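Structural overview for review
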Amino acid sequence: MESLLVSDYMNLHPVKLTPDMPVAEAVEALLASHQTGGPVQDPFGKVVGFLSEQDCLKQMIESSYYREQVCRVKDVMQTVVAAVKPWSSVLEVAQRLINERPRIFPVIDDDEKLVGTINRAAVLRAIDKQLQSGYNQKAS
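Residues numbered from 1 in each chain as written. Predicted model: local features only at pLDDT ≥ 70, side-chain atom pairs only at ≥ 80, totals over all residues. Heavy atoms only, no water.

**Description of the nonpolar core**
A general trend in soluble globular proteins is that nonpolar side chains are found buried together. Formally: The definition of a nonpolar core used throughout is a set of buried Ala, Val, Leu, Ile, Met, Phe, Trp, Tyr and Cys residues joined through side-chain atoms within 4.5 Å. Buried, partly exposed and exposed residues are distinguished by accessible area as a fraction of the type maximum, computed with a 1.4 Å probe on protein chains only: under 20%, between the cut-offs, and over 50%, respectively. Strands are runs of DSSP state E lasting at least 2 residues, helices are runs of H or I lasting at least 4, and numbering of each runs from the N terminus. Any two residues whose heavy atoms approach within 4.5 Å at even a single point are treated as in contact.
Membership of the largest hydrophobic core comes to 15 residues, with the highest contact counts inside it found for Val 6, Val 84, Val 90, Val 93, Ile 118 and Val 123. Contributions of two or more residues to this core are made by helix H4 (90-100), strand S3 (104-108) and helix H5 (120-139). Sequence-distant contacts of Val 90, that is, excluding residues within four places in its chain, are made with Leu 4, Leu 5, Val 6, Tyr 9, Val 123, Ala 126 and Ile 127.

**Section: unusual backbone geometry**
The bulk of non-glycine residues show a negative phi, and the bulk of peptide bonds are trans. You will see that His 34, though not glycine, has its phi angle at about 60°, which is positive. If you trace the backbone, His 34 turns up in the loop between helix H1 (23-33) and strand S1 (37-41). Judged by its relative accessible area of 73%, His 34 falls in the exposed class. A positive phi angle, near 65°, is found at Glu 112, a position not held by glycine.

**A short note on the side chain of Gln 41**
Put simply, the rule reads: Between N or O atoms, a polar contact is any pair within 3.5 Å; within protein, one atom must be a potential hydrogen donor and the other a potential acceptor, and residues adjacent in sequence are included only when both atoms are from side chains.
Within the element layout of this structure, Gln 41 appears in strand S1. Judged by relative accessible area, Gln 41 falls into the buried class, the value being 11%. In this structure the side chain of Gln 41 is engaged in a polar contact, spanning 3.1 Å, whose partner is the backbone oxygen of Gly 45.

**Comments concerning the pattern of salt bridges**
Selection criterion: Note on definitions: salt bridges are taken to be side-chain nitrogens of Lys or Arg within 4 Å of carboxyl oxygens of Asp or Glu.
Inspection of every chain in the model, using the stated rule, returns five salt bridges. Glu 53 serves as the salt-bridge partner of Arg 103, at 3.9 Å between the closest nitrogen and oxygen. Linking Arg 103 in the loop between H4 and S3 with Glu 53 in helix H2 (residues 53-66), this pair joins segments that are 50 residues apart in sequence.

**So, H4**
Inclusion rule: This arc is taken over the directions from the axis of the helix to the C-beta atoms.
Listing the buried residues of H4 in full gives Val 90, Val 93, Ala 94 and Leu 97. Around the axis of H4, the buried residues are gathered within 105° of arc, so they sit on the same side. More than 90 degrees from the buried face of H4, the exposed residues found are Ile 98 and Asn 99. Directly beyond the C-terminal end of H4, a positive phi value near 65° is found at Arg 101.

**Remarks on H1**
Along H1, the residues that are buried comprise Val 23, Ala 24, Ala 26, Val 27 and Leu 30. All buried residues of H1 fall inside an arc of 155° around its axis, so they share one side. Of the residues in H1, the exposed ones pointing more than 90 degrees away from the buried face are Glu 28 and Ala 32. Directly beyond the C-terminal end of H1, a positive phi value near 60° is found at His 34.

**Some details on the environment of Pro 39**
Examined against the element boundaries, Pro 39 turns out to sit in strand S1. Relative accessible area serves as the criterion here: at 0%, Pro 39 is assigned to the buried category. With 86 residues separating them along the chain, Pro 39 and Arg 125 place their C-alpha atoms 22 Å apart. If sequence neighbours within four positions are ignored, Pro 39 has contacts with Val 15, Lys 16, Leu 17, Val 47, Gly 49, Phe 50, Pro 106, Leu 114 and Thr 117.

Dropping the structure here:
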């Protein structure tokens, strides 16, 4: 099986969040983009955190109960970011998805700047495409 690169299957237009963004605004961005989480970037494009739907749930419940919106992304984001490189193998990412159980990885360059994201569905699509190609070659 030939190598499958993350760069060939990653989302080039991920939702972009900032640390000072209100959580409610971040949730709206996640919902509008149909993404389950997103990288949090500093003003220079460096990934400084990750915010998932799970991170937002408790805060949104509290905000709706108290009718206040005081929490910022930086207050609930994950600061240890599990990321991958664009030249990583999709198969390696699949192993990490199994072992670490995230739904989405930011894809960063060597300067830790965001270049995209890759999620479970994209990894499945890549592996399926590779398998279908192999089946078609055997049938010929």
